[in-house]
Amino acid sequence: MKRRDILKKAGVGAVGLGAAGLALKPRKASAKKVYNWKMVTTWPPHFPVLGEAADYTAKWIKEMSDGRLNITVYGGGELVPPLQVFDAVSSGTVEMGHGASYYWAGKHPATQFFAAVPFGLNAQGMNAWLVAGGGQELWDELYAKFNLKGWPAGNTGVQMGGWFNKEIKTIADLKGLKMRIPGLGGKVLAKAGGNAVLVAGGEIYTNLDRGVIDATEWVGPYHDSKMGFYKAAKYYYSPGWHEPGTTLECMVNKKKYDALPKDLQAIIDAACAKSNMWSLCEFEAKNNKYLKELVEKHNVQVRQFPDAVLAQLKKYSDELLVELAAKDPLTKKICESYIAFKKQYDEWNAISEERYAKLKHL
Ligand code: CA
């Protein structure tokens, strides 16, 4: 047999084997199906970090699934208003959403534990509780009531305490103060005699500049710089006692999620985990650069809340958690898990992170 014939036969043989191999092991029909999903968010379109986290999550899911799960992201208001994300995903109008679960306190008070609790867990603690401390299972139990499945998909780290035009020297300085501050933090401020108002992100600057509100909190130096608050307020307070490590969320309509092939479910899980890490890193890597710029270029005065003010706010916060736990059995269960986890997390931190932080002077 001539060499060319041998190669030809071998080639045919190889093709034949390949075809037979495919015939013996057909790919599952579901593995080839392309899913075109929509994700709505509570953020303005492509909003730095927060909106980008949603964009990246969709991008990573598409890449990891080789285009089989194709998600179009819509900023707040593009498809549904920002605060209708929960309902839109729950009802199945859209398949996915990105936001922060404390926006849904009106749906169920326990949603707030999966975003931020005043004087609660920081980013590392939230991740530890959610990933390895039973938090995710409780989140699943809560969201299943609404035909939803949620994941941690971003974290701001410890936020700043907010922008003020007067110094806060005693707790009495908060009395009558009209401040934009969401969630449980707002309820704590109310206990101190303040007036907590909710203003959508895009309107905060104008309201602060015109004196409609006296003060506002937002996130931290990187994001607050972009919002321009330094043009309307003089004092920038630390720390963000009200949001010590706010978790962002990605949510999926549970029926749609359960109907996905297992590999696509795992891809959503992995993309959310990546987004969770990415957002925290963005804030932690950039905050100090922007804080320096605020101080050196824009003459912002950085202040710390006095310990006595924080101690009183902590007392109000503890009262609030007792009131919250009394609302219903599931909120009680979640609150108890959160508090018990934080107690042992704090004990470990006292001899690990806190001791290590004190070595900075060496
Ligand atoms: Ca905030």
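Residues numbered from 1 in each chain as written. Predicted model: local features only at pLDDT ≥ 70, side-chain atom pairs only at ≥ 80, totals over all residues. Heavy atoms only, no water.

A. Quick peek at the overall build of the chain. For the chain, the count of helices and strands is 14 helices and 11 strands. Here the C-alpha coordinates of the chain stretch approximately 100 × 50 × 50 Å along the principal axes. A buried classification covers 49% of the 362 residues belonging to the chain. Nonlocal contacts in the chain, meaning residues at least 24 apart in sequence, comprise 77% of its contacts between residues at least 6 apart. (Helix = DSSP H or I, 4+ residues; strand = E, 2+ residues; numbered from the N terminus. Buried < 20%, exposed > 50% of the residue type's maximum accessible area, 1.4 Å probe, protein only. Contact = heavy atoms within 4.5 Å.)

B. Seen up close, the sheet that holds strand S10 (residues 247-253). Spatially, five strands are ordered S2-S1-S3-S10-S4 in an open sheet, and the strand pairing comes out mixed. Each edge of the sheet is formed by a strand with only one pairing partner; in this case those strands are strand S2 (69-74) and strand S4 (148-155). For this sheet, the mean inter-axis angle between neighbouring strands, taken without regard to orientation, is 25°. Sitting on the sheet, helix H6 (residues 135-144) touches S4 and S10, and the angle it makes with S4 is about 130°. Each of strand S1 (35-41), S2, strand S3 (96-99), S4 and S10 is contacted by helix H11 (residues 262-296), which is oriented at about 30° to S4, the strand it contacts most. (Pairing = 2+ DSSP bridges. Axes fitted to C-alpha atoms, helices over the stretch in contact; angles between N-to-C directions.)

C. Expanded view of the packing of aromatic side chains. One pass over the full model with this rule turns up 24 aromatic pairs. Here Trp163 and Tyr236 contribute two aromatic rings whose centre-to-centre distance is 3.9 Å and whose plane-to-plane angle is 15°, an arrangement assigned as stacked. Here the residue Trp163 occupies a position in strand S5 (residues 162-164), and Tyr236 occupies one in strand S9 (residues 235-238), the gap between them amounting to 73 residues. An identical accessibility class is assigned to Trp163 and Tyr236; each is buried. Grouped by ring-pair contacts, the aromatic residues Trp43, Phe86, Tyr102, Tyr103, Trp104, Phe113, Phe114, Trp129, Trp139, Tyr143, Phe146 and Tyr338 constitute a single cluster. One residue, Lys149, lies across the ring of Trp151, its end atom 4.8 Å from the ring centre. It is Lys231 that lies over the ring of Tyr205; its NZ or CZ is 5.7 Å from the centre. (Phe/Tyr/Trp six-rings, centres within 6.5 Å; stacked < 30°, edge-to-face > 60°. Lys NZ or Arg CZ within 6 Å of the ring centre and 35° of its normal.)

D. Expanded view of the coordination of the calcium ion. Around the calcium ion, the protein contributes the donor atoms Gln159 (OE1), Glu217 (OE), Glu217 (OE), Trp218 (O) and Glu243 (OE), which lie 2.1 to 2.9 Å from the metal centre. In primary-sequence terms, the residues that donate to the calcium ion follow Q-x57-E-W-x24-E. Of this pair, Gln159 sits in the loop between S4 and S5 while Glu217 sits in the loop between strand S8 (215-216) and helix H9 (221-227), and the two are 58 residues apart along the sequence. The exposure classification of Gln159 matches that of Glu217, with both residues buried. (Donors = N, O, S within 2.8 Å, 3.2 Å for Na, K, Ca; no water.)

E. Region of interest: the packing of helix H12 (residues 307-325) against helix H13 (residues 329-351). Following both chains from N to C, one finds H12 and H13 inclined at 145°, their axes separated by 8 Å at the closest point. The segment H12 lies against H13, with Leu321, Leu324 and Ala325 engaging Thr331, Lys332, Cys335 and Ile339. Here the contact of H12 with H13 is composed, by residue class, of five nonpolar, one polar and one charged. (Nonpolar A, V, L, I, M, F, W, Y, C, P; charged D, E, K, R; others polar.)

F. Structural view of the pairing of S3. Judged by which residues are buried, S3 turns out to be covered on both faces: Met96 and His98 on one side and Gly97 and Gly99 on the other are all buried. As paired strands, S1 and S3 are joined by three bridges and run parallel to one another. Considered in S3, the bridge of Thr41 is made with His98.

G. Highlighting a nonpolar patch on the surface. On the surface, Tyr356, Leu359 and Leu362 cluster together into a nonpolar patch covering about 400 Å² of accessible area. Its location among the elements puts Leu359 in the segment after helix H14 (353-357). Residue class for Leu359 comes out partly exposed when judged on its relative accessible area of 41%. (Patch = residues over 30% accessible without salt bridge, like charges linked within 9 Å, V, L, I, M, F, W, Y side chains within 5 Å. Areas by Shrake-Rupley, 256 points an atom, 1.4 Å probe, with all protein chains shown as cover. Salt bridge = Lys/Arg side-chain N within 4 Å of Asp/Glu carboxyl O.)

H. Region of the structure containing the environment of Leu184. Inspection of the secondary structure assignment puts Leu184 in helix H7 (residues 183-191). Spatially, the C-alpha atoms of Leu184 and Lys255 are 31 Å apart, while their sequence positions differ by 71 residues. Among all residues touching Leu184, those that are not within four sequence positions of it are Gln112, Ala116, Val117, Pro118, Leu320 and Leu324.

I. Structural view of the side chain of Ser238. Following the sequence through the fold, Ser238 ends up in strand S9. Ser238 gets classed as buried once you look at its relative accessible area, which sits at 19%. Excluding its chain neighbours within four sequence positions, the residues that come into contact with Ser238 are Met160, Gly161, Arg303, Gln304 and Phe305.

J. Examining the nonpolar core more closely. Residues Phe113, Trp129, Phe164 and Ile334 are the most contacted members of the largest nonpolar core, which totals 52 residues. Secondary structure elements with two or more residues in this core: helix H4 (85-91), helix H5 (123-132), H6, H7, S9, H12 and H13. For this core, the leading source of residues is H12, giving eight residues. For Ile334, the residues in contact, after removing those within four places along its chain, are Ala110, Phe113, Phe114, Trp129, Leu138 and Leu142. Judged by nonpolar contacts, the second largest core, of 51 residues, contains Trp60, Ala116, Ala153 and Met227. (Core = buried A, V, L, I, M, F, W, Y, C linked by side-chain atoms within 4.5 Å.)

K. Spatial organisation of the environment of Ser225. Locating Ser225 in the fold gives a position in helix H9. Each C-alpha atom of the pair Ser225 and Leu291 lies 8.2 Å from the other, and the pair is 66 residues apart in sequence. Excluding its chain neighbours within four sequence positions, the residues that come into contact with Ser225 are Tyr230, Tyr290 and Leu294.

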